[in-house]
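Fold and geometry: a report
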Amino acid sequence: MATAPASVRTHDPLAADLTPAGARIQLDEWNRYIPPRRPIVPHIRIGHRWINVLWAVPIAAAALIILIAVAQELRQIPAIEDFIRRYPGVAQAQPAVPGFPGWMRLQHFLNMFFMYFIMRAGIQILADHPRLYWNRDCTPGTEWLRFSHPVPAYRMWTAKDDAVSLPGWLGIPGLRHSIGLARWWHFSVNFLWTVNGVAFFVLLFVTDQWMRLVPLTWEVFPNALSTAIQYASLNFPPPEPWSRFNGLQQLTYFFTFFIAAPVQIAMGLLQGPAFSNKLGWLGRVLNRQVARSIHFLGFCWFVFFIAVHGVFVFITGLRQNTNHMFAGVESAHWVGLPYFIVAMAIIIVAWLWASPFTIKHARLVQKTGRFVIGGLKGLAERWDPTSELTEKDISPHHWPNQHLLPDSPEYKAMLAGGFADYRLRIGGLVEHPQEFSFADLKAMPKQSQITTHFCIQGWSGVAKWSGVPMRHIVELVRPTKQARYAVFYSMAFGDDGGRYYEVHPMKNLRHKLTLLAYEMNDEPLRVMHGAPLRLRCENELGFRMVKWLAAIEFVHDYADLGAGQGGYNDDHEFYGHRMPI
Ligand code: HEM
Ligand SMILES: Nc1nc2c(c(=O)[nH]1)N[C@H]1C(S)=C(S)[C@@H](COP(=O)(O)O)O[C@H]1N2
Ligand SMILES: [Mo]
């Protein structure tokens, strides 16, 4: 092995095993360590039965045909025709707002543009743990929806084994376990989408445009029913000049903008440990899996909305609709269509470009994401998680992840000896470098906590963790004023070669729930969960909690360690470094 550069030689000797990582994804290497694995058509669980969701297609087709037949019969009834005459679709008491101003047309385009990337990145995130649950413990078999086969019972099945790949035109970037990059896309575009949404909200209310979107009369309900009957009977209401929406349209738009979008933002944020842990009972009721499932149902609503909305643009008067929304004019000519075509062309080009670009410039995507949203996301680290759970919340199952044990003769010998030879080395920028034996650690003050583990991939689990509070160790070794971070080195190597490590800011170390755990659920920590010692840091995602701890080094900076991103997954899988969400 080549000698480490001078800067690294001043680090703990284990730093010599940290490996650099490329700026792009090397497909052959990526596919070797996590070969492609296809998802299946989603299956939904009803009781003990698993049903293929494709059944929804014939059922929906049959329902649609019946609906049309019923609606057409209804329209033969004089009372119904009276009702439709009285409530033609547009509520008469609703004020008319003529014209779509330029800002609105631009924002409509941006919203559409952002939405596609958000949704594709979202599906990619989901593909990393293709199961949805209503319960926090994610026990295999208890999911209500899965995009993969049942978890095999005959072998150890890790969360990484469970990830599936997607075609590159669907997910961003499509590769199996590319969640790190998908999250940068999801979060950065979410940010732009939210800024666009807030600006839209403000502009809506400083102009009179809000009166078109907000129902201002109860008449909207009978009018919505009337519109629904008219559409269903395939005898559409006459086109409106778009100064007022019909009831169904207005309720749908209102729901999408004022309810679905905010709920989506809230359920997104609630999936991270920072918000979930902070919000007490709310975070427990809307726990990670509930938030994740609602977030997914929100996603389904947006897919449905976009599909139906898109179809209606075409079938209710393409010329008029594109004139209004893309050219902002009332005209008998095809003025808006060219704009519409250009807008769609931009979207298609960006769509096709996104995945190859992400693979080729993975580090750039990571850095851009960090630039756009990293600081804002990191802010949530300031939220002290305080939420602890009770014995009855402890999960019956806790997904294992990645390697199940460090693959070294030294580790196996140590394990065979009951860790009598184990030493935790603590050094770097400290006044008192120390080595602690397992017995030393166990003689220190012991703290227990029942907390939720949030893996980046999407699963969670509750366990009782016991061990030495990190702040106690900090007091013993006394970091110097220069120390800003601590590097946690593992005894294990990562999938891509090179030693597993994570860098934490001092604040995390002083947190009252940061623990060097040697027990899980009142039993000695099992090998696959990090025996003899693993980190617990409850305001971060799971990958930040190094298992099989070998050494802790206090440093001023981490740019010269590994690929300089602050951790193994940050280096090799383009994850973010501060991960409270
Ligand atoms: C500001 C708004 C949003 C925020 C803050 C947000 C946040 C999140 C977060 C934190 C995750 C989980 C990531 C992980 O654990 O690795 C996620 C996943 C996801 N998001 Fe969003 N999201 C937002 C908007 C949207 C929108 C508008 C859609 C679609 C219309 C969407 C679709 C998805 C999907 C499909 C997933 C994967 C779901 C899963 O794994 O359960 N998100 N989002
Ligand atoms: N050394 C080492 N530590 C690690 C990992 C790893 O692969 N190697 N995986 C991380 C990830 S991604 C998660 S989710 C948790 C999983 O902890 P568990 O196996 O106890 O569930 O450990 C983290 N610590
Ligand atoms: Mo993880």
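Nothing here was measured: the structure is a model prediction, and the numbers come from that model.

Cut-off values and rules
Residues numbered from 1 in each chain as written. Chains lettered and ligands numbered in written order. Predicted model: local features only at pLDDT ≥ 70, side-chain atom pairs only at ≥ 80, totals over all residues. Heavy atoms only, no water. Near = heavy atom within 4 Å. Polar contact = N/O pair within 3.5 Å; in protein donor to acceptor, adjacent residues only side chain to side chain. Helix = DSSP H or I, 4+ residues; strand = E, 2+ residues; numbered from the N terminus. Nonpolar A, V, L, I, M, F, W, Y, C, P; charged D, E, K, R; others polar. Donors = N, O, S within 2.8 Å, 3.2 Å for Na, K, Ca; no water. Tetrahedral: all angles 85-135°; square planar, octahedral: opposite > 155°, others 65-115°. Buried < 20%, exposed > 50% of the residue type's maximum accessible area, 1.4 Å probe, protein only. Domains from an automatic or database assignment. Contact = heavy atoms within 4.5 Å. Buried area = accessible area lost by both parts, 1.4 Å probe. Salt bridge = Lys/Arg side-chain N within 4 Å of Asp/Glu carboxyl O.

**So, the site of ligand 1**
Looking at ligand 1, there are 25 residues lining it, with R183, H186, R292, H295 and I456 nearest. Contact distances for ligand 1 include 2.8 Å between a nitrogen atom and a side-chain N or O atom of H186. Within the side chain of N190, a nitrogen or oxygen atom sits 3.3 Å from a nitrogen atom of ligand 1. Elements with a contribution of two residues or more to the shell around ligand 1: α5 (102-127), α7 (179-206), α10 (247-269) and α13 (288-315). Among the elements that line the shell around ligand 1, the one with the most residues is α7, at 7 residues. Split into classes, the residues belonging to the shell around ligand 1 amount to 14 nonpolar, 8 polar and 3 charged.

**Looking at unusual backbone geometry**
The omega angle of the peptide bond from I172 to P173 is -5 degrees, so this bond is cis rather than trans. By the element assignment, P173 lies in the loop between α6 (159-162) and α7. Cis rather than trans, the peptide bond between A531 and P532 has omega equal to 5 degrees. Within the secondary structure, P532 sits in the loop between β12 (523-524) and β13 (534-536). At L234, a residue that is not glycine, the phi angle is positive and equals roughly 65 degrees.

**A look at the coordination of the iron atom of ligand 1**
All of the protein donors around the iron atom of ligand 1 are H186 (NE2) and H295 (NE2); their distances to the metal are 2.0 Å. Relative to the metal, the 6 donor atoms surrounding the iron atom of ligand 1 lie at angles of 86 to 179 degrees, and the coordination shape comes out octahedral. Taken together, the residues H186 in helix α7 and H295 in helix α13 connect sequence positions 109 residues apart. The buried category is assigned to H186, whose relative accessible area is 10%. Residue classification places H295 among the buried residues on the basis of a relative accessible area of 16%.

**Some words on the domain arrangement of the protein chain**
Domains assigned within the protein chain are domain 1 (6-31 + 388-572) and domain 2 (50-128 + 178-381). Summarising the inter-unit geometry, the C-alpha centres of domain 1 and domain 2 are found 43 Å apart. The interface is formed by 27 residues belonging to domain 1 together with 24 residues belonging to domain 2. Around 2000 Å² of area is buried between domain 1 and domain 2 when both sides are counted, 49% of it from carbon and sulfur atoms. Together, F454, Q457 and Q565 form the three largest contributors to the area buried by domain 1 at its contact with domain 2, with a combined 27%. Our enumeration of links across domain 1 and domain 2 arrives at 0 salt bridges.

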